[in-house]
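# A structural walkthrough
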Amino acid sequence: MSLQAVWIIRISETKSKYEDSILFSRFYQTFIKKSKDIEGSHYVPLPSNPELAKAVLFELGHTDGLEKFLVDRDTCQKMEQKPVYEINTSNGKLWPFVVVEQAGLLFCCLPFVPQGLNPRPPLIDIPGVTLGFTLLCTLTDFLRNKSSDEIEDRTGDLYLFLSQAAPYGSVLDTIVDSVLAKVNGKFSVPQKTAKQPAWRSVSHKGKNQMYLTITEYVRSVQYDRENIEDVWDVYGTVTCKAELEGTLRTVTLTIAQSGEGEGMPINNLIIHPCVQSADADILVEGRDRAMPRRLRFSPPLEMFMLCHYMVNKPTTPPITGCFELFVEEERAKVKVTLQLNDNIKNNFDVCELHIPFAKRAPIVIQEFSANHGALLVSSSKSTLVWNLAPRFPARQTEVNMSAIVQLRASQGEGLGTIEETFCTGQNAYAQLFFKIQEFSQSGSYIDAKSIQVSPSLKYKLTCVREYVASEYKFWNVHGDSLVSALPRCLCNQQQVPL
Amino acid sequence: MEKSGNEIIREFRAEKKKGSIVKRFKDEFFALDLIRIMYDDSEKLVDKFEILVALEEYGHLGISSESVDQVVTSLLDVYHQAQDKSEASHFVCQLLTTCTSLIIQMNQLESDLCDLLVKELVAIVTSRVNQLGSENLRSCACQSLLLLEETSPGVVLGYYEELVQCCRQERSHMFQDYCLLTSRLMESFVKITKENPMSPVVRSKGKVQRQFSADVTDMRQTVSYLVENVPMFTRSATFRVIHTLSNLIKTSTDLSPIIFKSLMLHEMSTMSCIVFHTALYLQRVFKGTLLTVQEESNLVQRLCLMTNHPCLNQLHRQLTTQWALGYKQFEDEQMDTRESLICQYRLQFYPSVFDSVDCQLAKLYMTSLCVDTSSDNDGIETSILLGSLGCLHKLVWHTGSMLAARALFRALYFIYTRHNNPHFSQDIQRFVRGLISEFAHFIPHSIDFVDSIHGLNINSDIFVETLSLLHQQVIMATGDQIYTSFPYYLQIMKKVASQPKINQSSTLKFLNYLSDNAQEIDDSSWQLGHNILDICRNVIINQGTQLYYSDLCELLYSLLTDYNNTDVQDQAKLYYCLLIAAADSKVKSVLQPTQRAVDSMSQALSSLLPGTTGKSSLAKIVHMEGPVFTWERLCVTPQWFVSDTSTQTSEQSPDSVAEYIKRLSTLEVVVEVKCRLHLVDACSFPAVHAVSISVEDSLTFQHIPKVHVPCISKGAHHDTVLKVKPLQAIPIALNSFVDFCADTKQTFTTSMPAVTVEFVHFMLPLPWKQSKEFKFEELWNYVVEPYNDKPKGLKSVKLFEVTAEQFMKIHHQRLAKYLVSSSPDYSDTRYAMLVPPRSHVLLQCEGQGHTVVVTMAMDQISVLPHVSSFLENVFTVSHG
């Protein structure tokens, strides 16, 4: 439940700069002392800040890089427990050391383990790890978009933030807005009859309005090969921001399903803790017909994810396609065919197919023909972009494009992400980005008429839907591709959708 | 203290970064100095706040048990002065926090000081219920009391009734803090009464403190009240309250955990990490008493779903996978006869193309735990296991990524620890061998993997087989692969050499290849040489000397004669001598890694060989005055070669003198002096061993490596070629001496007669054929004029009384090979010679009746007398 210390470390690859690496540290001596008392002679003292920075950066591969095998760090015997690490210091090994990496910074903490570390308990038995991890995520939110210098300047603010979020190192609140309300100390007057929740210490004053958004995502990897099955799934998130006067109100709403899209059932709902009750089927999965889902909740003031859901696998992906690429020495022949599924709303805010040539930039289009859309080269000159928005041709939902692209000589290995490294020679993919407003493939929507607020009041309601491609790839038919498919003999054993 | 609070804070921040702040706080009076700032109204509250934080973090370093009283009392005094200032809210909270923390750190929990603080804190909590504007102060006081009670159960317990009453009255968001404190007090009460059922709550020093009574009904009601109000709490506070209450219920026989059931059923649908963990925690603590089998199955399904839910971020999913691992281990420990619930959802853990490398590894751990290959007759389980590795393996195979490889080897090791059946082991071997065939830089991973599975002591055959496969892969490496990846290959060879079950003939062939090509592969580096020798040592120690005797001798001999590094030669010599002269056990005892290097290296070779490794006989070298060897020069051959092979132009004629000059920079002249060494007839040794011929260094030529001869018997001889690289084209004398070992194991040294190389031996025709564009005049100008770093050359003229016929004869006998051009009647003849290191001698001979005028040009002034002597010899001796 508690932490021994919190650090924010700047990722530095210069060994002589460890002194500058720690941007912030906060030690909770009471839990350090308890830890000493519990561990006795096995206790590992916390090192000085520069030494800790050095050890953490080494363990995470930020100092010596990952190019060289180092037994202490890379041995196969070390079991990965991310976000938990074992940090090797001159005093011994610090565990369970929690690290969250974001934007060149490492947010770290060392939880207190009341049952002792000898033997090491499993992480499921250490609540401090979960609370520490959540607190670090909160800190990343609090300091989002802040530079290292700004963070150093805000040391005082961080102390204050932590004094409310984790007094004495015992985590108490992990919602940024809620903690900041406590830091600012401008609380609303409690009602005489009801108790005020700790996660809503301030009341809204102003216009009453409620925003509800359903964002449905689809991801797909298509190979267009007989021996490899295409992969796709659809999932969604309902986001809510309720600016309603008064201390606490209860909102009831229904996620209904219209006849648009494929009308697939939504399953595997996971809900925000503020949801007081959901329909009786919340834990029943694997249903085969669409039905409305009803939720009752007391909204906090900040924007929050009301629920996440998954959609039973649709029969086909929204857009199917085939991507062919032949790379010759200095040029590449590209051929793409895309087909829009009949059930998908043909009205795109964005619809672009990106074909990256990261290692062969700058590229130049030599020849191009397409029965629809425009072909252009991205501003970085590394990606071929086929823009298909705002819609596929009305009477012909299959579009195709072919082009010859002039390439520069290969710039060698080791560039970019691991997937970009994979893409050498004929290994290539095209990635589709699209967004459709007021549509979801599952047909889910917020039934505005079903929304009830108690105690009742007038408010402005805004309901939005969007359908977005999250990771949508077509692998080159003529190259190798990344595949992970269940052996066919096991597919019928699958109890829940992957 | 002169510095302002703000200055001190800036210093604190800098010192925290450097880690030197502890020195400052070790000063006993520093804390007292800081307290003075707290009284100073001119200091900013934010600065005072940060100073208090530093005092909380580091104060214990300097504050003693005597001075803590003074510090805490002072801080409380400051608190009393500032408590009603609304703008000082955070400052006064930090004052209480620092006081509480110092009391705990300094073990003052049983002191009057602690009582004083507790009274102060209780007053804040009880007297200001629902008071607006005091929320943060009351929250801080509640948390302080909670920490004190948690650290020393009973210390706040005397105020239980008031505090519970306040808890029920409080309506603001502060209610949560009161509930946390109440739950903690109840836990303490149950714990203390269980330990001492008959006695009241007693504090130390024998003082009976305030007593209270709490009957079971009250307790049950309060627990219910707290659980009912859980929706009012933040997620973290929910876990904390539930954790405390579950401890209470575990201890108490009067309370049932069923109170948590509805809460748990609600929590298991949540996306919150903390809340879901609360449900898991309750299930772990009260397994079998709270949830039905179906409900537990739902919980586990939810857990498995979270590991794979695309809406959750990657770290969240990885953390839930760790919980799943813990849950599975818990199921295994329970030895439950039911089928594992986690295993029912095992296909959730099958890696997906959408997963990152880290997520794939986490899922592979789970897949490995959930499949059972022990009785896998239809092969389905094994196919799941192998198939699950496919995506990661492909990623490694196509990218050579170290990150992906590390994950793959970790997965393989984890799988091997649980599924070490022969079929799967073969698949693992295939994986590993395939990877290193394509990426030598994965060899360290492979070796670590092999070592790790060996350490498991499950099946030593697998270890040997895997190592053997890796060995075979290295042996099959092409020349190009060896050139680029030899350091990795040597790591495998080193490991293999220690393995008696693997045949080492091919290892030694591989090492021979490295030794023969050491110059090209790694410029005959010390590192390479010693790696080869280390492997030889491993072979000798682990395989004995007999099995590979001739292969080892051949390799060591090659190293000691040809390897271009003295230290490597010396060590090779030691090994070689040991090998040929000492018994197997002796060699092993000398070369054992446990043998201290100083012991083996400070002894004469001769003292090691007879059969003792004692230190009594250290190296002594006897100088032989009389002649022992005959050392004669057989022939001298100058040669030039192009050191930079990348130019690829050594065969082509330079187009011009400019091109010729450019090429000269890549050219080297070597004079090979072939000599013969044999023992003089009068020598008393029938044979000598470990003969090492050293040529003394000189300023006129580059260092000549030692020549090593294993053995020379009387009557036999050894021919050797000394490669001399002159730095100037002047005659040189090669002074040499020989170290050798006699049959008596004594080491001797003796000098040998000098071998000379004359100026004429240095003269070479111009390198490369001259094209028509090649102008002698331009070369002449280059030689006599300064050019870049080359100084100005020299011209000279000499007259010889020689007829045209005589000159023709001289030309054909002595000068023709240096000819560049001539008139048809040889009245104007031009010669050019290349001399070391990259210099020239140019001659222009013009016949004038009975006289030949020889005009000379040379770019080394020191060469003139030798050229002059050469011409004297040619024109006078030759014709007459």
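Quick caveat: nothing in here was measured; it's all calculated off a predicted structure. (Residues numbered from 1 in each chain as written. Chains lettered and ligands numbered in written order. Predicted model: local features only at pLDDT ≥ 70, side-chain atom pairs only at ≥ 80, totals over all residues. Heavy atoms only, no water.)

### Structural notes on the overall build of chain B
Using the following cut-off: Numbered from the N terminus, helices here are DSSP runs of H or I no shorter than four residues, and strands are runs of E no shorter than two. The globule rule is 2.2 Å times the number of residues to the power 0.38, and the radius of gyration it is compared with is taken over C-alpha atoms. In this description, contact between two residues means that some pair of their heavy atoms is separated by no more than 4.5 Å. Per-residue and other accessible areas were derived by the Shrake-Rupley procedure at a 1.4 Å probe size, with only the shown protein chains allowed to occlude residues. Just so you know, the count uses Lys and Arg for positive and Asp and Glu for negative, and it drops His and the chain ends. Think of each charge as sitting on NZ of Lys, CZ of Arg, CG of Asp or CD of Glu.
Scanning chain B from N- to C-terminus turns up 36 helices and 14 strands. Against the 2.2 N^0.38 benchmark of 29 Å for 880 residues, chain B shows a C-alpha radius of gyration of 45 Å, more extended than a compact globule. Taking the principal axes of its C-alpha atoms as reference, chain B extends roughly 140 × 80 × 65 Å. Looking at chain B alone, contacts between residues at least 24 apart form 69% of all its contacts between residues at least 6 apart. Just so you have it, chain B exposes about 35800 Å², and 50% of that area is on carbon and sulfur atoms. Charge centroids of chain B, computed over 77 positive and 96 negative side chains, lie 1 Å from each other.

### Points about the confidence of the model for chain B
Residues and elements named next belong to chain B. To be explicit about the condition: The pLDDT value tells you how sure the predictor is about a given residue, anywhere from 0 up to 100.
For chain B, the average pLDDT comes to 84, and 92% of its residues sit at 70 or higher. Note on residues 204-208: pLDDT is under 50 here. Beyond four places in sequence and across chains, it has seven contacts. In the predicted structure, residues 611-618 sits below a pLDDT of 50 and forms 17 contacts with residues beyond four places in sequence or in another chain. Confidence estimates for the predicted assembly give a pTM of 0.77 and an ipTM of 0.92.

### Some thoughts on the interface of chain A and chain B
Here is the rule: The quantity reported as buried area is the accessible area (1.4 Å probe) lost by two parts once they are put together, taken as the sum for both. We define a salt bridge as a side-chain nitrogen of Lys or Arg found within 4 Å of a carboxyl oxygen belonging to Asp or Glu. Distance and chemistry together define a polar contact, namely a pair of N or O atoms within 3.5 Å, with one atom able to donate a hydrogen and the other to accept it when in protein, and with adjacent residues in sequence counting only for side-chain atoms on both sides. Residues are sorted three ways: Asp, Glu, Lys and Arg are charged, Ala, Val, Leu, Ile, Met, Phe, Trp, Tyr, Cys and Pro are nonpolar, and all the rest, Gly among them, are polar.
In this assembly, 123 residues from chain A lie in contact with 120 residues from chain B. For the pair chain A and chain B, the two sides together bury roughly 10900 Å², of which 62% comes from carbon and sulfur. Ranking the residues of chain A by area buried against chain B places Ile124, Tyr168 and Lys195 of chain A at the top, with a combined share of 9%. The interface formed by chain A and chain B includes nine salt bridges. Across the pair Arg406 of chain B and Asp74 of chain A runs a salt bridge whose closest N-O atoms are separated by 2.8 Å. One can count 47 residue pairs in polar contact (both at pLDDT 80 or more) joining chain A with chain B. Looking at side-chain class alone, the side of chain A that touches chain B contains 64 nonpolar, 35 polar and 24 charged residues.

### Considerations on the sheet that holds strand E6 (residues 717-724) of chain B
All names here are of chain B. How we decide: Two strands make a pair as long as DSSP finds a minimum of two bridges between them. Here, axes are lines fitted to C-alpha atoms. For helices the fit covers the stretch in contact, and angles between N-to-C directions go from 0 to 180 degrees.
The strand order E2-E3-E6 describes an open sheet built from three strands, whose pairing is antiparallel. Each edge of the sheet is formed by a strand with only one pairing partner; in this case those strands are strand E2 (629-642) and E6. Direction aside, neighbouring strands of the sheet carry axes that sit 20° apart on average. Where strand E3 (residues 667-679) and E6 come together, eight bridges link them in antiparallel fashion.

### Examining the environment of Leu407 of chain A
Residue and element names in this part refer to chain A. Following the sequence through the fold, Leu407 ends up in the loop between strand E19 (398-406) and helix H9 (418-422). A sequence separation of 46 residues divides Leu407 from Ala361, and the C-alpha atoms of the two residues are 6.5 Å apart. Among all residues touching Leu407, those that are not within four sequence positions of it are Val327, Glu330, Arg331, Ala332, Phe357, Arg360, Pro362 and Ile363.

### Overview of the domain arrangement of chain A
Rules: By convention here, the domain bounds are inherited from an automatic or database domain assignment.
According to the domain assignment, chain A consists of domain 1 (3-174) and domain 2 (319-439). The C-alpha centroid of domain 2 of chain A is placed 42 Å from the C-alpha centroid of domain 1 of chain A.

### Re the confidence of the model for chain A
Interpretation of the predicted coordinates at a detailed level should be avoided for regions scoring low in pLDDT. The pLDDT averaged across chain A works out to 88; a share of 93% of its residues lies at or above 70. Here residues 494-498 of chain A is modelled with pLDDT under 50, and outside its nearest four sequence neighbours on either side it reaches 15 contacts, counting other chains as well.

### Overview of the side chain of Ser25 of chain A
For clarity, the threshold we go by: Relative accessible area decides the class of each residue, using a 1.4 Å probe on protein chains only: under 20% of the type maximum gives buried, over 50% gives exposed, and in between gives partly exposed.
Mapped onto the secondary structure, Ser25 of chain A falls in strand E2 (residues 22-27). Judged by relative accessible area, Ser25 of chain A falls into the buried class, the value being 3%. A polar side-chain atom of Ser25 of chain A sits 3.2 Å from a polar atom in the side chain of Asn49 of chain A. Leaving out residues up to four positions away in the same chain, Ser25 of chain A has contacts with Val6, Trp7, Asn49 and Tyr159 of chain A together with Lys16 and Glu57 of chain B.

### Notes on the pairing of strand E7 (residues 231-243) of chain A
Along a regular strand, successive side chains alternate from one face of the sheet to the other. Residue and element names in this part refer to chain A. Most of E7 sits out of view: eleven of its 13 residues are buried. Pairing analysis gives 13 bridges linking strand E6 (residues 209-222) to E7, with the strands arranged antiparallel. Bridge pairing in E7 places Arg219 opposite Asp233. Note: E7 against strand E12 (residues 304-311), seven bridges, orientation antiparallel. Bridge pairing in E12 places Thr239 opposite Met305.

### Quick word on the pairing of E19 of chain A
With nine bridges joining them, strand E14 (residues 331-340) of chain A and E19 of chain A adopt antiparallel strand pairing. Across the sheet, Val336 of chain A pairs through a bridge with Met401 of chain A, a residue of E19 of chain A.

### Topic: the sheet that holds E2 of chain A
Residue and element names in this part refer to chain A. Strand order in this open sheet of five strands is E2-E1-E5-E4-E3, and the pairing throughout is antiparallel. Strands with a single pairing partner mark the edges of an open sheet, and in this sheet they are E2 and strand E3 (84-89). For this sheet, the mean angle separating the axes of adjacent strands, direction not counted, is 25°. The pairing of strand E4 (residues 92-102) with strand E5 (residues 105-111) spans five bridges and is antiparallel. In the sheet register, Val100 faces E5, and the bridge partner there is Phe107.

### Considering helix H22 (residues 443-455) of chain B
This is how the line gets drawn: Each residue after the first adds 1.5 Å to the expected span of a helix.
Over its 13 residues, H22 of chain B extends 18 Å from the first C-alpha to the last, a length consistent with the 18 Å expected when each residue adds 1.5 Å. The complete set of buried residues in H22 of chain B reads Ile443, Pro444, His445, Ser446, Ile447, Asp448, Phe449, Val450, Ser452 and Ile453 of chain B. As for H22 of chain B, its buried residues are in contact with helix H4 (71-74) of chain A together with helix H20 (402-418), helix H21 (422-438), helix H23 (460-475) and helix H24 (479-497) of chain B. Asn457 of chain B occupies a position one or two residues after H22 of chain B and carries a positive phi of about 55°.

### Brief notes about the packing of aromatic side chains
Cut-off, in case you're wondering: Each Phe, Tyr or Trp ring, with Trp reduced to its six-membered ring, pairs with another whose centre is within 6.5 Å; inter-plane angles below 30 degrees give stacked pairs, above 60 give edge-to-face pairs, and intermediate values give tilted ones.
One pass over the full model with this rule turns up 38 aromatic pairs over all chains. Ring centres of Phe629 of chain B and Phe740 of chain B lie 5.4 Å apart, and the angle between their planes is 85°; on these two criteria the pair is classed as edge-to-face. One end of the pair, Phe629 of chain B, is in strand E2; the other, Phe740 of chain B, is in strand E7 (residues 732-741), with 111 residues separating them in the sequence. Counting every residue linked through ring pairs, the aromatic cluster contains Trp7, Phe27 and Phe97 of chain A together with Phe12, Phe25, Phe30 and Tyr58 of chain B.

### Details of the packing of helix H5 (residues 127-142) of chain A against helix H14 (residues 273-285) of chain B
Short version of the rule: Throughout this description, any angle smaller than 35 degrees is read as roughly parallel, any larger than 145 degrees as roughly antiparallel, any in the 65 to 115 degree range as roughly perpendicular, and the remainder as oblique.
In contact at an axis separation of 9 Å, H5 of chain A and H14 of chain B are set at 170° when each is read in the N-to-C sense. Between H5 of chain A and H14 of chain B, the crossing angle belongs to the class labelled roughly antiparallel. Residues Pro127, Thr130, Leu131, Phe133 and Thr134 of chain A of H5 of chain A form the contact with H14 of chain B, whose own contacting residues are Cys273, Ile274 and His277 of chain B. Residue composition of the contact of H5 of chain A with H14 of chain B, grouped by class: five nonpolar, three polar and no charged.

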